[in-house]
Amino acid sequence: MVVLAKPAALEQITLLRTPEPWESFSGIPAVDLSGPDAAADVVRACERFGFFSVVNHGVPAGVVDRLEAEAVRFFASSQAEKDASGPADPFGYGSKRIGRNGDMGWVEYLLLAIERDALSKASPAPTSALRDAINAYVGAMRGLARTVLEMVAEGLGVSPRGALADMVTGDVASDQVFRLNHYPPCPLLQGLPPNCSVTGFGEHTDPQLVSILHSNGTPGLQVALHDGRWVSVPPNRDAFFVNVGDSLQVLTNGRLRSVRHRVVAGNGLKSRVSMIYFGGPPLAQRIAPLPQLLAGTPLYREFTWGEYKKAAYRSRLGDNRLAPFETPLVAMAHADHHRS
Ligand SMILES: C=C1C[C@]23C[C@@]1(O)CC[C@H]2[C@@]12CCC[C@@](C)(C(=O)O1)[C@H]2[C@@H]3C(=O)O
Ligand SMILES: O=C(O)CCC(=O)C(=O)O
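Residues numbered from 1 in each chain as written. Chains lettered and ligands numbered in written order. Predicted model: local features only at pLDDT ≥ 70, side-chain atom pairs only at ≥ 80, totals over all residues. Heavy atoms only, no water.

A. Structural view of helix α7 (residues 305-314). Here α7 has its buried residues at Trp-305, Tyr-308 and Ala-312. Down the axis of α7, the sector holding all buried residues measures 65°, keeping them to one side. In α7, the exposed positions that point more than 90 degrees away from the buried face belong to Lys-310 and Arg-314. For α7, the secondary structure elements touched by its buried residues are α6 (246-251), β15 (286-287) and β16 (303-304). (Buried < 20%, exposed > 50% of the residue type's maximum accessible area, 1.4 Å probe, protein only. Helix = DSSP H or I, 4+ residues; strand = E, 2+ residues; numbered from the N terminus. Arc of directions from axis to C-beta. Contact = heavy atoms within 4.5 Å.)

Below, the structure written as structure tokens:
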């Protein structure tokens, strides 16, 4: 990553020389959820990338189109109207400032809490049309998260098949979050080298079990491969993208690893609009390597999601949030690796 001289308005936002967002990586797996090998394919994709797209997912296009239209309407409303739903702390409308600890990006967003299958009262939506569209969409995402987590369990040989899915979509109210992001083109990049992009959303892993992302088909999303290389994800408006989160990494004792990802914003003509469902468990849920997946040493000590979430909200976006939860042997091995 190279930091360049930049306009004052971008002072606190990191500029990147990156693979061009349109230089797409063709290796991201697309899993056909209706296929006979879907569970094995999901696990293979989680192991290789911690990231994949799903097709034949059964989510009606109308549910997505309706929310996208409402999101575009919201972000096009006046600044005063948007500010009436902010500032994000952590929920509500936010612009440029991400989280509470100094992270900045070329993005505006609406971060909302979900209770079971609807927006929580703690996060009222700015309009009833947006609220209704979000509720329909989140209902569909819960179903998709359940399908994916059941397939992960099946593919890994974890029983019962619902063991992971129940943590997010079971009877006990879980900790789900929903986010709408808007990345306008960045005119301030004019005059800077053409391969220069601005950070839209800084690199990070998601703390939850699983996240499901949809975008309006505009490039910008990049993921880090296991060798650390950043690649651009080819946009696909018809697909959903699934991210493995930190909690699933711990539950599988590191067999599946959370994916580092980020969004870069350019100087193109089209805005990127994305919607992300973050599937977390109930606050009291204990997170530890599942006994069925524990062949050798546990890599992580047990914690509750509530503890992890609290620690996550104290951290910076790019931090390795799992490090304090590694067992001493693993932490020592990492320290040796970094020294050599
Ligand atoms: C800088 C931050 C934003 C974040 C909370 C945090 O302190 C670190 C984790 C971030 C993240 C990433 C995934 C989605 C999200 C809602 C979450 O649970 O953790 C965000 C938080 C946020 O945007 O407030
Ligand atoms: O907007 C995107 O495409 C991804 C953003 C993201 O990773 C997030 O909101 O956590």
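B. How the structure looks around the site of ligand 1. Surrounding ligand 1, one finds 16 residues, the nearest of these being Arg-179, Asp-206, Gln-208, Ala-312 and Ser-315. At a separation of 3.0 Å, an oxygen atom of ligand 1 approaches a polar backbone atom of Ala-312. At 3.5 Å from an oxygen atom of ligand 1 is found a side-chain nitrogen or oxygen belonging to Tyr-313. Contact with the protein chains hides 98% of the accessible area of ligand 1, taken as 460 Å² for the molecule alone. At a threshold of 2 Å from the grid points, most atoms of ligand 1 map onto the largest cavity. (Near = heavy atom within 4 Å. Polar contact = N/O pair within 3.5 Å; in protein donor to acceptor, adjacent residues only side chain to side chain. Areas by Shrake-Rupley, 256 points an atom, 1.4 Å probe, with all protein chains shown as cover. 1 Å grid on protein atoms, 1.4 Å probe; cavity = no way out; pocket = protein on both sides within 12 Å on 5 of 7 lines; lining within 4 Å. Sits in = over half its atoms within 2 Å of the grid points.)

C. Just the sheet that holds strand β10 (residues 221-224), in detail. Taken in spatial order, the five strands make up an open sheet running β1-β8-β13-β10-β11, and their pairing is antiparallel. Only two strands of the sheet have a single partner each, and these edge strands are β1 (15-17) and β11 (230-232). For this sheet, the mean inter-axis angle between neighbouring strands, taken without regard to orientation, is 40°. (Pairing = 2+ DSSP bridges. Axes fitted to C-alpha atoms, helices over the stretch in contact; angles between N-to-C directions.)

D. Just the packing of helix α2 (residues 61-76) against helix α4 (residues 128-156), in detail. Closest axis-to-axis distance for the α2/α4 pair is 9 Å, and the angle between their directions is 145°. Considering how the two elements wind past one another, α2 and α4 form a crossing that is left-handed. When α2 is examined against α4, the residues Val-63, Val-64, Arg-66, Leu-67, Glu-70, Ala-71 and Phe-74 are found in contact with a partner set consisting of Ala-129, Leu-130, Asp-132, Ala-133, Ile-134, Ala-136 and Tyr-137. Within the contact of α2 with α4, the residues separate by chemical class into 11 nonpolar, no polar and three charged. (Left-handed = near helix turned anticlockwise from the far one by under 90°. Nonpolar A, V, L, I, M, F, W, Y, C, P; charged D, E, K, R; others polar.)

E. Quick look at the packing of helix α1 (residues 38-48) against α4. Two elements in contact, α1 and α4, have axes whose closest approach is 8 Å; the angle formed by their N-to-C orientations is 90°. Judged by the inter-axis angle, α1 sits roughly perpendicular to α4. Residues Ala-38, Ala-39, Val-42, Val-43 and Cys-46 of α1 form the contact with α4, whose own contacting residues are Val-148, Met-151, Val-152, Glu-154, Gly-155 and Leu-156. The residue inventory of the contact of α1 with α4, partitioned by class, reads nine nonpolar, one polar and one charged. (Parallel < 35°, antiparallel > 145°, perpendicular 65-115°, else oblique.)

F. Representation of the pairing of strand β4 (residues 92-98) in the model. Taken together, the six bridges between β4 and strand β5 (residues 103-115) define a ladder with antiparallel strand orientation. Along β5, the bridge assignment pairs Gly-94 with Tyr-109. Where β4 hands over to β5, the hairpin turn is made up of four residues, of which Gly-99 adopts a positive phi near 70°.

G. View of the site of ligand 2. Close to ligand 2 lie Arg-179, Asn-181, Tyr-183, Phe-201, His-204, Leu-213, His-261, Val-263, Arg-272, Ser-274, Ile-276 and Phe-278, which account for all nearby residues. His-204 has a polar side-chain atom sitting 3.1 Å from an oxygen atom of ligand 2. Here Ser-274 contributes a side-chain N or O atom positioned 2.6 Å from an oxygen atom of ligand 2. Against a free-state accessible area of 290 Å², the protein chains account for coverage of 98% of ligand 2. Assessed atom by atom at 2 Å from the grid points, ligand 2 resides in the second largest cavity. Taken together, the elements giving at least two residues each to the shell around ligand 2 come down to β7 (176-183), β8 (196-204), β13 (261-265) and β14 (272-279). Considering each element in turn, the shell around ligand 2 owes the most residues, four residues, to β14.

The analysis is restricted to geometry; functional conclusions fall outside its scope.
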